[in-house]
Amino acid sequence: MINQAEKIIEVKNVKKIYRMGQEKIYAVDDVSFDIYKGEFCCLLGTSGSGKSTLLNLMAGIEKISGGQIIIKGKKIHKMNENNLAKFRQRYLGFVFQSYNLIGSMTALENVEFPLIFKRVKAKQRRKMARDMLKQVGLEARLNHKPKEMSGGQQQRVGIARAFVASPEIVFADEPTGNLDTKTTMDVMKLIRTMAKQHSQTIVMVTHDRRLADFADRIIHILDGKIQEIEVREVADSQEEPVSSDVISISDNVEISDITGIPDIAAAEEEGKQTKKQETSEQEISERAEADEAIPQRNTEIKTNNKNQNNRGKEG
Ligand SMILES: Nc1ncnc2c1ncn2[C@@H]1O[C@H](COP(=O)(O)OP(=O)(O)OP(=O)(O)O)[C@@H](O)[C@H]1O
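Residues numbered from 1 in each chain as written. Predicted model: local features only at pLDDT ≥ 70, side-chain atom pairs only at ≥ 80, totals over all residues. Heavy atoms only, no water.

Student: Help me understand the side chain of Asp 173, please; the structure alone is not making it clear to me.
Tutor: Along the polypeptide, Asp 173 turns up in strand β7 (residues 169-173). Setting aside anything within four residues of it in sequence, one finds Asp 173 in contact with Ser 52, Leu 55, Val 95, Phe 96, Gln 97 and Val 205. (Helix = DSSP H or I, 4+ residues; strand = E, 2+ residues; numbered from the N terminus. Contact = heavy atoms within 4.5 Å.)

See below:
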């Protein structure tokens, strides 16, 4: 049962307006809602409805045009980049459709990565990463690089990385977009189970009603506005842990399709300013930089691809 008294995210009259020449695009149009601690909340909408923009605003990846976003009582839209980066590292985790794993690192190193910037000591870090990979059924793949794993396995590594530092909130944008149906359901159960085990809050974006059914609450988005908020009772069977032998998809996912993981970007930035004491930390950071797994949302692509879905308003 979600404790509705404890708001963890407050979205108040939030707007996001993109300008395309003379045209104004109201991607998010005066939206207000709260998300409660420990709930699994889904933003559901068709392509172009504004759900990813809303998620990115909530995660501080994009700037709001109006309104307020308050997370854990802090107005994140008022924070400067440095404070926002620290805030993300401390409280937020991310799972992306394109996994955003660092290609030159093993599964273990990828999962360890967020812990480096939380100043967790090497030995402890390795243990935490190993335990987390075990939880997601990948104990036999610790030393595999992303290329050497299936899409479902890579996404499990992504989930392990998102959860390893126990963030209070995990943002997931179409986390199963590249996976087959069976693996999708397994990954969804895994996300739900991991979050419920530690009372973590999930905010997930999807266009797929079947995935939204894993959520406690579904916020239906249409043309940048909330259409309806649906409260759900989720069966326990949707939280069953999954075993590693159910993964069966082919490895045809473009790992180079890396568009952004803000906590890693922030972590790297902080890492540069920190005197690193352990060689392995340095090595890992250097390899991450070499891999250019640095992340910001590619707004150019969005702009070009989605205009036909826009509701334009003159102004
Ligand atoms: N950088 C941008 N510049 C201009 N318009 C944008 C930009 N990013 C998004 N949009 C527009 O804002 C609207 C909402 O986009 P958004 O990416 O949030 O939709 P979505 O619901 O997540 O869609 P999808 O499921 O296809 O990812 C779309 O009409 C899109 O064209």
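Student: Would you take a moment to explain the confidence of the model for the chain for this structure?
Tutor: Close inspection of predicted coordinates is inappropriate in any region flagged by low pLDDT. Averaged over every residue, the pLDDT of the chain is 78; the share at 70 or more is 73%. Throughout residues 240-279 the model reports pLDDT below 50, and contacts reaching past four residues in sequence, or to other chains, amount to 97 contacts. Every residue in residues 289-315 scores below 50 in pLDDT, and together they form 52 contacts with partners more than four places removed in sequence or on other chains. (pLDDT = per-residue confidence, 0-100.)

Student: When you look at the pairing of strand β8 (residues 201-206) in this model, what are you seeing that I'm missing?
Tutor: A regular strand places its side chains so that they alternate between the two faces of the sheet. In terms of burial, β8 is largely enclosed, as six of its six residues are buried. Here β8 shows no split at all, with Thr 201, Val 203 and Val 205 on one side and Ile 202, Met 204 and Thr 206 on the other all buried. Across five bridges, strand β3 (residues 40-44) lies against β8 in parallel orientation. Bridge pairing in β8 links Leu 43 to Val 205. Direction of pairing for β7 relative to β8: parallel, over a ladder of five bridges. Paired with Val 170 across the strands is Ile 202, a residue of β8. In this fold, the crossover linking β7 to β8 by way of helix α6 (residues 181-197) has right-handed handedness. (Buried < 20%, exposed > 50% of the residue type's maximum accessible area, 1.4 Å probe, protein only. Pairing = 2+ DSSP bridges. Right-handed = clockwise from strand over helix to strand, strands pointing away.)

Student: I would appreciate a short explanation of the sheet that holds strand β6 (residues 92-96) in the present structure.
Tutor: Strand pairing within a sheet occurs via backbone hydrogen bonds; the two strands may be parallel or antiparallel. A sheet is described by the order of its strands in space; here six strands give the open sequence β6-β7-β8-β3-β9-β10, paired in mixed fashion. Each edge of the sheet is formed by a strand with only one pairing partner; in this case those strands are β6 and β10 (225-231). Direction aside, neighbouring strands of the sheet carry axes that sit 15° apart on average. In this structure, β3 lies alongside strand β9 (residues 217-222), joined through four bridges in parallel fashion. Across the sheet, the residue bridging to Leu 43 is Ile 219, located in β9. Strands β3, β7, β8 and β9 of the sheet are contacted by helix α1 (residues 51-58), whose axis makes an angle of about 150° with β8. Strand contacts of helix α5 (residues 151-164): β6, β7 and β8, with the helix running at about 170° to β6, the strand carrying the most contacts. (Axes fitted to C-alpha atoms, helices over the stretch in contact; angles between N-to-C directions.)

Student: Would you explain the nonpolar core in this entry?
Tutor: Looking at soluble globular proteins, one finds that nonpolar side chains tend to be buried together. In terms of nonpolar packing, the biggest core is built from 41 residues, with Val 111, Leu 133, Val 157, Ile 159, Phe 163, Ile 202 and Met 204 touching the most fellow members. Of all the secondary structure elements, the ones that give two or more residues to this core are β3, α3 (107-116), α4 (122-135), α5, β7, α6, β8 and α7 (209-212). What Leu 133 contacts, discounting residues up to four positions off in sequence, is Ala 107, Leu 108, Val 111, Leu 138, Glu 139, Leu 142, Val 157 and Ala 160. Core analysis: the next-biggest nonpolar cluster, separate from the first, contains 33 residues, Ile 9, Leu 43, Leu 54 and Phe 96 among them. (Core = buried A, V, L, I, M, F, W, Y, C linked by side-chain atoms within 4.5 Å.)

Student: Help me understand α4, please; the structure alone is not making it clear to me.
Tutor: Note that an α-helix has 3.6 residues per turn; residues three or four places apart therefore point the same way. Counted at 1.5 Å a residue, the expected span for α4 with its 14 residues is 20 Å, and the 20 Å between its end C-alpha atoms agrees. The complete set of buried residues in α4 reads Arg 125, Ala 129, Met 132 and Leu 133. The arc enclosing the buried residues of α4, seen along the axis, measures out at 100°, which places them on a common side. In α4, the exposed residues that point more than 90 degrees away from the buried face are Lys 123 and Lys 134. One or two positions beyond α4, positive phi appears at Gly 137, with a value near 80°. (Expected span 1.5 Å × (residues − 1). Arc of directions from axis to C-beta.)

Student: Explanation requested: the environment of Arg 125 in the structure shown.
Tutor: Along the chain, Arg 125 turns up in helix α4. Overall, Arg 125 belongs to the buried group, its relative accessible area being 0%. Sequence spacing of Arg 125 and Ala 165 is 40 residues, and the spatial spacing of their C-alpha atoms is 9.6 Å.

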